[in-house]
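Structural characterization, general
Chain by chain, the residues:
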Amino acid sequence: MSGARNGLRRVVIVAVVVALVVLVGIVVLDHFGAQPQPFQYLLH
Amino acid sequence: MSGGSRLRGTLAGLSAMLFGLVLVAVLLEIGLRVYAAIEPNVDVEFTRYARAMKAHTDSGVRFLHEANAHGRFFGVDVDTNSHGFRDVEIPAEKSPGEVRLGVLGDSVTFGWGVPYGQRFTELLEEKWSAATGRPFVLVNTGHGNYNSVQELAMLREHLAGQPLDGLLQFWYINDAEPTPEYRSPPWFARSRLAVFLWGKADLLRRRAGAAATFVDYYRDLYDETAPGWPAFRDAIRGTGDTARERGLPWVFVILPEFHGFAADGPFRDVYDRVARLAADAGAIVVRVEPAFGDVDPATIRVATNDVHPNARGHAIIARAVAEAVDPRLWTEDER
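Here's what I pulled together on the structure shown here. Since this is a predicted model, take the numbers as computed values, not measurements. (Residues numbered from 1 in each chain as written. Chains lettered and ligands numbered in written order. Predicted model: local features only at pLDDT ≥ 70, side-chain atom pairs only at ≥ 80, totals over all residues.)

Details of the nonpolar core
- Core analysis: the biggest nonpolar cluster contains 64 residues, and Leu101(B), Val253(B), Ile254(B), Leu255(B) and Val321(B) have the highest contact counts within it.
- If you look at the next biggest cluster of nonpolar residues, it comprises 13 residues, including Ala15(A), Leu23(A), Leu193(B) and Phe196(B). (Core = buried A, V, L, I, M, F, W, Y, C linked by C-beta atoms within 7 Å. Buried ≥ 20, exposed ≤ 12 C-beta atoms within 10 Å, placed from the backbone.)

Below is the structure:
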């Protein structure tokens, strides 16, 4: 039982770290990389 | 270890992986919603705008804003009138002395990210009313994503009954894009994560050379073999024909591409070519790019990630147009 709890804790920690890394990547691209794009309307 | 417990172990591992992926997506969705609320993003805001304001129509414009709608995009209130235009209600009849102009354009004309009252259309109303002593009313029909074909359809189908004295058209470099079939935004457009991932994947593809840069993308629109070019050319000629039939002086304003304003920039020949096309079709052509010559592009953008002109950019455009156009052009007794 404690093994399952430890496993779950590990999954949550990994998920939080992955989410943070991707989030920071998106924010950095948003600030420093967005300008050379044309207006694009695929989703609009 | 028995076969049953091995299966249980595999299932537990897969469940943990699935749970982890869902958790990452949920955390990112929450994080990006918070981020997008603090720092508006062009893709997110444009997607919200499309979902909230646009509705399909069978006319040539393909879509119109919902009538009498309200929204808030890029921190700016947007209200539409009964025609779906981002404007005050326009009476069917003109008031005594009124000079009424139809204004054709896209998101720049719509005033994306600019409060009502600070767009070039309202600024020109003020300038020309003061200069002539007659009330000028500019009917701003700008819709985000319209191209020149849709603008011609707007003129022919939705401004047919308007008692106009003239026509103003604001061209931007993406106006030769082919007219897309309108479709409702897909379900995943509700997700900030999906919109951000799509936008950033596109950005990385362009950076990696796997997709055209914005310069190549825009320049290619004006190649003789480009899919949108024949319709664009015919739309400009058609606008000239319609303006002539209705006796409307037509001013065609060439807006600069807002990433940069160098005199030897990459779009100079495109501006020249479009100017010749519009002039041959009967337009009085006004080129605004010299007015931006000394301007730092970063100071006239609505946001770091969105090059639509802000209120300062609109003021520069209004000043340039007012300097180039004698408003007596529009007054009936002077024609």
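Further notes follow.
Some remarks on the environment of Glu125(B)
All names here are of chain B.
- Structurally, Glu125 is set in helix α4 (residues 120-132).
- Of the residues examined, Glu125 has 20 C-beta atoms within 10 Å and is grouped as buried.
- When near neighbours in sequence (up to four residues on either side) are disregarded, Glu125 contacts Phe136, Val137 and Leu138. (Helix = DSSP H or I, 4+ residues; strand = E, 2+ residues; numbered from the N terminus. Contact = placed C-beta atoms within 7 Å.)

Focus: the packing of helix α1 (residues 3-38) of chain B against helix α6 (residues 192-207) of chain B
All names here are of chain B.
- Where α1 contacts α6, the axes come no closer than 8 Å and their chain directions differ by 80 degrees. As judged from the angle between their axes, α1 and α6 are roughly perpendicular. Mapping the contact onto sequence places Ala25, Leu28, Glu29, Leu32, Arg33 and Ala36 in α1 and Arg192, Leu193 and Phe196 in α6.
- In terms of residue class, the contact of α1 with α6 is made up of six nonpolar, no polar and three charged. (Axes fitted to C-alpha atoms, helices over the stretch in contact; angles between N-to-C directions. Parallel < 35°, antiparallel > 145°, perpendicular 65-115°, else oblique. Nonpolar A, V, L, I, M, F, W, Y, C, P; charged D, E, K, R; others polar.)

Some points on the sheet that holds strand β8 (residues 250-254) of chain B
All names here are of chain B.
- Pairing in this open sheet of five strands is parallel, and the strands run β6-β5-β7-β8-β9 from one edge to the other. Lying at the two open borders of the sheet, with one neighbouring strand each, are β6 (136-140) and β9 (284-287). Across the sheet, the mean angle separating the axes of adjacent strands is 25 degrees when strand polarity is ignored.
- Of the pairings in the sheet, the one linking strand β7 (residues 166-171) to β8 comprises five bridges and is parallel in character. The residue of β8 that forms the bridge with Gln169 is Phe252.
- Set on the sheet, helix α9 (residues 268-280) makes contact with β7, β8 and β9; between it and β9 the angle comes to about 160 degrees. (Pairing = 2+ DSSP bridges.)

A few points about α6(B)
- With 16 residues, α6(B) extends 22 Å from end C-alpha to end C-alpha; this agrees with the ideal 22 Å at 1.5 Å per step.
- Among the residues of α6(B), Arg192(B), Leu193(B), Val195(B), Phe196(B), Gly199(B), Lys200(B), Leu203(B) and Arg206(B) are the ones counted as buried. Viewed along the axis of α6(B), the buried residues span an arc of 165 degrees, placing them on a single side of the element. Exposed and oriented more than 90 degrees from the buried face of α6(B) are Ala201(B) and Arg205(B).
- Summarising the contacts, the buried residues of α6(B) are in contact with α1 (2-32) of chain A together with α1 and α2 (42-53) of chain B.
- Gly209(B) sits one or two positions beyond α6(B) and adopts a positive phi of about 85 degrees. (Expected span 1.5 Å × (residues − 1). Arc of directions from axis to C-beta.)

Notes on unusual backbone geometry
All names here are of chain B.
- Phi at Asn68 takes a positive value of approximately 50 degrees, unusual for a residue other than glycine.
- Structurally, the position occupied by Asn68 is in the loop between β2 (63-65) and β3 (70-73).
- Given 12 C-beta atoms within a 10 Å radius, Asn68 is considered exposed.
- Here Asn145, not a glycine, exhibits a phi torsion of approximately 90 degrees, which is positive.

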